[in-house]
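Summary of the model geometry
What follows is the residue order along each chain.
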Amino acid sequence: MTKLFKNYEEYLSVIITMIRDFSDESFNRIGLAINVCHSLQDDSEKIFRLNASIIKSLWEIPDAINMGIHQYFNKEFEQTKRLLEYHDYNCKSSIDCIVCQTKIITVNKLRDINEGTRPKIHSK
Ligand SMILES: [Zn+2]
């Protein structure tokens, strides 16, 4: 495990922004993993569990396959983390902020999955 993040909370906040364009199937997988993580105690266990789902989802992205899944993950994670650091410092109002709005959409999507309100997605 690379040392890109100090704890699960920080890891999750980057992941939430990073997965915005992932497929519904990946959203389902990641949503369920986050749910499992709620029941785990240890931060490194949570990161390990969620990261396994992220890595699996990256296999749907041609760029990630070309570059190498782990390299791609590290690059995306670093970029997203920097974007969020910049954002946290500069965000004035979440209403007209694209980063905040995107985050809200993603969080709602993940919550819906865990509440089972979304129809089951069948794999092709
Ligand atoms: Zn914002």
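Residues numbered from 1 in each chain as written. Predicted model: local features only at pLDDT ≥ 70, side-chain atom pairs only at ≥ 80, totals over all residues.

Turning to the overall build of the protein, a few remarks are in order. The secondary structure content of the protein amounts to 6 helices and 0 strands. Ordered by position from N to C terminus, the α and β elements of the protein give α-α-α-α-α-α. Taken over C-alpha atoms, the radius of gyration comes to 15 Å for the protein, in line with the 14 Å a tight globule of 124 residues would show. Along the first, second and third principal axes, the C-alpha atoms of the protein reach 40 × 35 × 35 Å. The buried share among the 124 residues of the protein stands at 19%. (Helix = DSSP H or I, 4+ residues; strand = E, 2+ residues; numbered from the N terminus. Rg over C-alpha atoms; globule rule 2.2 N^0.38 Å. Buried ≥ 20, exposed ≤ 12 C-beta atoms within 10 Å, placed from the backbone.)

Right, let's talk about the packing of helix H3 (residues 43-58) against helix H5 (residues 69-90) for a bit. Packing of H3 against H5 leaves a shortest axis separation of 10 Å and a crossing angle of 110°. Relative to H5, the element H3 lies roughly perpendicular. The way H3 lies across H5 gives a crossing that is right-handed. Along its contact with H3, which presents Ile-54, Ile-55 and Leu-58, the element H5 presents Ile-69, Tyr-72 and Phe-73. (Axes fitted to C-alpha atoms, helices over the stretch in contact; angles between N-to-C directions. Parallel < 35°, antiparallel > 145°, perpendicular 65-115°, else oblique. Left-handed = near helix turned anticlockwise from the far one by under 90°. Contact = placed C-beta atoms within 7 Å.)

On to the nonpolar core, then. Formed by 15 residues in total, the largest nonpolar core has its most connected members in Tyr-11, Ile-15, Ile-30, Ile-34, Leu-50, Ile-54 and Leu-110. Of all the secondary-structure elements, those providing two or more residues to this core are helix H1 (8-18), helix H2 (24-38), H3 and helix H6 (98-115). Apart from the residues within four sequence positions on either side, Leu-50 is in contact with Ile-15, Ala-33, Ile-34 and Cys-37. (Core = buried A, V, L, I, M, F, W, Y, C linked by C-beta atoms within 7 Å.)

Turning next to the confidence of the model for the protein. For the protein, per-residue confidence averages 90 on the pLDDT scale, and residues scoring 70 or more make up 90% of the total. Within the protein, helix H4 (residues 62-67) carries the highest mean pLDDT (97), whereas H6 carries the lowest (92). (pLDDT = per-residue confidence, 0-100.)

Looking now at the packing of H2 against H3. Contact geometry for H2 and H3: axes closest at 9 Å, N-to-C directions at 175°. As judged from the angle between their axes, H2 and H3 are roughly antiparallel. Two secondary-structure elements touch here, H2 through Ser-26, Arg-29, Ile-30, Ala-33, Ile-34, Val-36 and Cys-37 and H3 through Lys-46, Arg-49, Leu-50, Ser-53, Ile-54, Lys-56 and Ser-57. The class makeup of the residues in the contact of H2 with H3 is 7 nonpolar, 3 polar and 4 charged. (Nonpolar A, V, L, I, M, F, W, Y, C, P; charged D, E, K, R; others polar.)

Within H1 the residues assigned to the buried category are Tyr-8, Tyr-11, Val-14 and Ile-15. The buried residues of H1 occupy an angular sector of 130° when projected down its axis, which confines them to one face. Looking at the packing, one finds that the buried side of H1 touches H3 and H5. (Arc of directions from axis to C-beta.)

A few words on the environment of Arg-20. Structurally, the position occupied by Arg-20 is in the loop between H1 and H2. When the 14 C-beta atoms within 10 Å are taken as the criterion, Arg-20 is described as partly exposed. For the pair Arg-20 and Trp-59, spaced 39 residues apart in sequence, the C-alpha to C-alpha distance is 16 Å. In contact with Arg-20, not counting residues within four places along its chain, are Thr-102 and Thr-106.

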